[in-house]
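This is what each chain is made of:
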Amino acid sequence: MYATSRESLARTRSVAHEALGSASDGEATAVAAQTGAELFAVVETLDAQRTLRTALADSSVEGVRRSDLAGEVFSGQVSSATATIVKAAAGESWSNARDLLNSLVELGREALLRAAADQDQLDTVEDELFRLGRIVAGNPQLEQALSDRSKPSQAKRELLGRLLYGKVTAVTEALAVQAVTRPRKTAPADVLNGLADLAAEQRDRAVAHVRSAAPLSDSQLEKLTATLTRTYGKQVTVHVEVDTELLSGLVVRIGDEVIDGSGAGRLAALRKTLK
């Protein structure tokens, strides 16, 4: 995303925070959840209507006119909070229509995670998304079915709905279904992992993706978490998956930094040195 779109997203996010923050304490959770779901629905509509999404992102047209067009299309179809956010987004300058849509998706996700936070469910949502990502990555047939761009979105929605029904929170299901049904080049498992990271970021936490040659005991996990928290100066959420091909040890990835303490990594380094 270019600087112009990043700045537009930041301004639209401020509008979203104000719109969601204006809800009364008793309604805040419901408003955030509804707004997140409606923003996803708006994006689905724009995905299906090329002419409309192009018009809303057309930088040659005055921003107020694009905002008014969004109001004409969506006001009365969505809540006032959602309409406010969509109109604000349409009035901004975007490098392309894709950035506009991706920004609305991001704001929808943040709204749903805000609803989860209001219900003290962020930990649960993060864990569910990570585990779901591991399930999808470990099942080639499922991952193929969810990533098949020739398969209708409704079929993917129904497949994932059957898989998740009664097993995860409503926020997790909404996030996961939207993530895998919208056409994209990123693998479904990676998208789900990204959502788990986003949930952690809402709590101002870093996320460590750990591959271990063997399962970690509770005490080992606690020690690793404490060590990474001290090292990075902030609370770290640790997600662990077992990878026997490592032979021994761990590989830890936090953001773009990778710490390879595995047996396979040491052997690879040794081979490189010998060459």
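What you are looking at is a predicted structure, and each value in this text was computed from that prediction instead of being measured. (Residues numbered from 1 in each chain as written. Predicted model: local features only at pLDDT ≥ 70, side-chain atom pairs only at ≥ 80, totals over all residues. Heavy atoms only, no water.)

Examining helix α1 (residues 3-21)
Given 3.6 residues to a turn, an α-helix orients residues that are three or four positions apart in the same direction. Taking 1.5 Å of rise per residue, 19 residues should cover 27 Å, and α1 covers 27 Å from first to last C-alpha, within 8% of that figure. Those residues of α1 that sit buried are S5, S8, L9, T12, A16, A19 and L20. Taken down its axis, α1 places every buried residue within 105 degrees of arc, on the same side. Looking at the buried side of α1, the elements it contacts are α2 (28-48), α5 (80-90) and α6 (97-118). (Helix = DSSP H or I, 4+ residues; strand = E, 2+ residues; numbered from the N terminus. Expected span 1.5 Å × (residues − 1). Buried < 20%, exposed > 50% of the residue type's maximum accessible area, 1.4 Å probe, protein only. Arc of directions from axis to C-beta. Contact = heavy atoms within 4.5 Å.)

Some remarks on the pairing of strand β4 (residues 257-260)
Pairing of strand β3 (residues 250-254) with β4, which is carried by four bridges, proceeds in the antiparallel orientation. Across the sheet, residue I254 finds its bridge partner in β4, namely E257. Linking β3 back to β4 in an antiparallel pair, the connection comprises two residues, with G255 at a positive phi of about 65 degrees. (Pairing = 2+ DSSP bridges.)

Some words on the pattern of salt bridges
Taken as a whole and assessed by the stated rule, the structure comprises eight salt bridges. We note a salt bridge from E110 to R13, for which the minimum N-O separation is 2.8 Å. Here E110 is found in helix α6, whereas its partner R13 is found in helix α1, with 97 residues between them in sequence. With a closest N to O distance of 2.7 Å, D47 and R182 form a salt bridge. Of this pair, D47 sits in helix α2 while R182 sits in the loop between α10 (170-181) and α11 (188-201), and the two are 135 residues apart along the sequence. Accessibility expressed as a relative area gives 13% for R182, which makes it buried. (Salt bridge = Lys/Arg side-chain N within 4 Å of Asp/Glu carboxyl O.)

A few points about the side chain of S67
Take S67: it is sitting in helix α4 (residues 63-74). S67 sits in the buried class, given a relative accessible area of 14%. Side-chain polar atoms of S67 contact the backbone oxygen of K87, separated by 3.1 Å. In this view, S67 contacts K87, A90 and G91; residues no more than four positions away in its chain are not counted. (Polar contact = N/O pair within 3.5 Å; in protein donor to acceptor, adjacent residues only side chain to side chain.)

Here we look at the nonpolar core
Membership of the largest hydrophobic core comes to 50 residues, with the highest contact counts inside it found for L46, L56, F74, L100, L104 and L175. Take this core: its biggest share by element is eight residues, from α6. With nine residues, the next largest nonpolar core counts V210, L224, V236 and V252 among its residues. (Core = buried A, V, L, I, M, F, W, Y, C linked by side-chain atoms within 4.5 Å.)

Keep in mind these numbers describe shape, not what the thing actually does.
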